[in-house]
Amino acid sequence: MAVIDELVAIFDARGNRVGSRPRSVMRAEGLWHASTAVLVRSTDGARVYVHKRSDTKDFAPGMYDCWAGGVLSADEDPATCAERELAEELGISGVPVEPLFTATYLRPPVRAHMFAFEARWDGPVVWQPEEVVAGGWMELAELRSRLADPCWPFVPDGRQLIERWFTRRDTPGVSC
């Protein structure tokens, strides 16, 4: 089976969509792009779903993550991408994805505008084996404790997002 080099949306540094390129070109040239990230929380908000990425991922293979997401396709908007990626990676569909915040990830060669969302879910999680090899629910306190260990193999963009999420959550007057 041949791998299709999908067209992804390309952005400028300010966050304006400026065109599209094959994913391989975006990665090879370190082009600005956009991605979505969905934090899956239990309906009571006490737990998050943490998964281990497959070793074949083109970014951060084999690392842990608490966000389901991916790169925006050429003509896709962030909310649609978030819903698509949540269904593809974790088999979760038909639930609202609520916008949280946007952030910039800048660690060359990766340059991305990230759109963070949240979904509440207590149902079954079905991994896409090409993307996820393990996973389970984790209490927020345990996630925070594991993130305190810089040697825990957690995706760097996901770490940036969850640390921002925890900061917002801990700030009076900000709801998450």
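Scroll up to find the structure this text is about.
Every value quoted in this text rests on a predicted model; they were computed, and no experiment measured them.

1. Considerations on helix α3 (residues 140–147)
Link 1 in the chain: Burial in α3 covers these residues: Leu140, Leu143 and Leu147. Buried residues of α3 fall within an arc of 60° about the axis and therefore sit on the same side. Opposite the buried face of α3, at more than 90 degrees from it, the exposed residues are Ala141 and Ser145.
Link 2 in the chain: Buried positions along α3 lie against β3 (32–41), β4 (47–53), β9 (132–139) and α4 (156–170).

2. A word on the state of the cysteines
Link 1 in the chain: Within this structure, the stated rule accounts for zero disulfides.
Link 2 in the chain: Of all cysteine sulfurs in the structure, the one in Cys66 sits closest to Cys81, which takes part in no disulfide; the separation is 17 Å.
Link 3 in the chain: By relative accessible area, which is 0% here, Cys81 ends up buried.

3. Some words on the packing of α3 against α4
Link 1 in the chain: Contact pair α3 / α4: the axes reach a minimum separation of 12 Å and the direction vectors enclose 125°. It follows that α3 is oblique to α4 by the angle criterion. When you trace α3 past α4, the crossing you get is left-handed. Every residue of α4 that contacts α3 at Leu140, Leu143, Arg144 and Leu147 is listed here: Arg159, Ile162, Trp165, Phe166, Arg169 and Asp170.
Link 2 in the chain: Across the contact of α3 with α4, the residue classes break down as six nonpolar, no polar and four charged.

4. Looking at the nonpolar core
Link 1 in the chain: Cys66, Trp67, Leu143, Phe154, Leu161, Ile162 and Trp165 are the most contacted members of the largest nonpolar core, which totals 27 residues.
Link 2 in the chain: Those elements that provide at least two residues to this core are β3, β4, β7 (98–107), β8 (110–120), α3 and α4.
Link 3 in the chain: Once residues lying within four places of it in the same chain are set aside, the contact partners of Cys66 are Val38, Leu39, Val40, Tyr49, Val50, Leu143, Phe154 and Ile162.

5. Observations regarding unusual backbone geometry
Link 1 in the chain: Of note, the bond from Pro108 into Pro109 is cis; its omega dihedral lies within 30 degrees of zero at 15°.
Link 2 in the chain: For Pro109, the position within the fold is in the loop between β7 and β8.
Link 3 in the chain: Phi at Ala60 is positive, roughly 55°, even though this residue is not glycine.

6. Digging into the packing of aromatic side chains
Link 1 in the chain: A complete count under the given rule lists five aromatic pairs for this structure.
Link 2 in the chain: When the ring of Trp152 is compared with that of Phe154, the centres are 5.0 Å apart and the planes differ by 35°; the resulting orientation is tilted.
Link 3 in the chain: The buried category is assigned to Phe154, whose relative accessible area is 3%.
Link 4 in the chain: Measuring from ring centre to ring centre gives 5.2 Å for Trp165 and Phe166, while their planes differ by 70°; the resulting arrangement is edge-to-face. We note that Trp165, like Phe166, is buried.
Link 5 in the chain: Among the aromatic side chains, those forming a connected cluster through ring pairs are Tyr64, Trp152 and Phe154.
Link 6 in the chain: Its end group placed over the ring of Trp137, Arg47 keeps NZ or CZ at 4.9 Å from the ring centre.

Definitions and limits used
- Residues numbered from 1 in each chain as written.
- Predicted model: local features only at pLDDT ≥ 70, side-chain atom pairs only at ≥ 80, totals over all residues.
- Heavy atoms only, no water.
- Buried < 20%, exposed > 50% of the residue type's maximum accessible area, 1.4 Å probe, protein only.
- Helix = DSSP H or I, 4+ residues; strand = E, 2+ residues; numbered from the N terminus.
- Arc of directions from axis to C-beta.
- Contact = heavy atoms within 4.5 Å.
- Disulfide = S-S within 2.5 Å.
- Axes fitted to C-alpha atoms, helices over the stretch in contact; angles between N-to-C directions.
- Parallel < 35°, antiparallel > 145°, perpendicular 65-115°, else oblique.
- Left-handed = near helix turned anticlockwise from the far one by under 90°.
- Nonpolar A, V, L, I, M, F, W, Y, C, P; charged D, E, K, R; others polar.
- Core = buried A, V, L, I, M, F, W, Y, C linked by side-chain atoms within 4.5 Å.
- Phe/Tyr/Trp six-rings, centres within 6.5 Å; stacked < 30°, edge-to-face > 60°.
- Lys NZ or Arg CZ within 6 Å of the ring centre and 35° of its normal.

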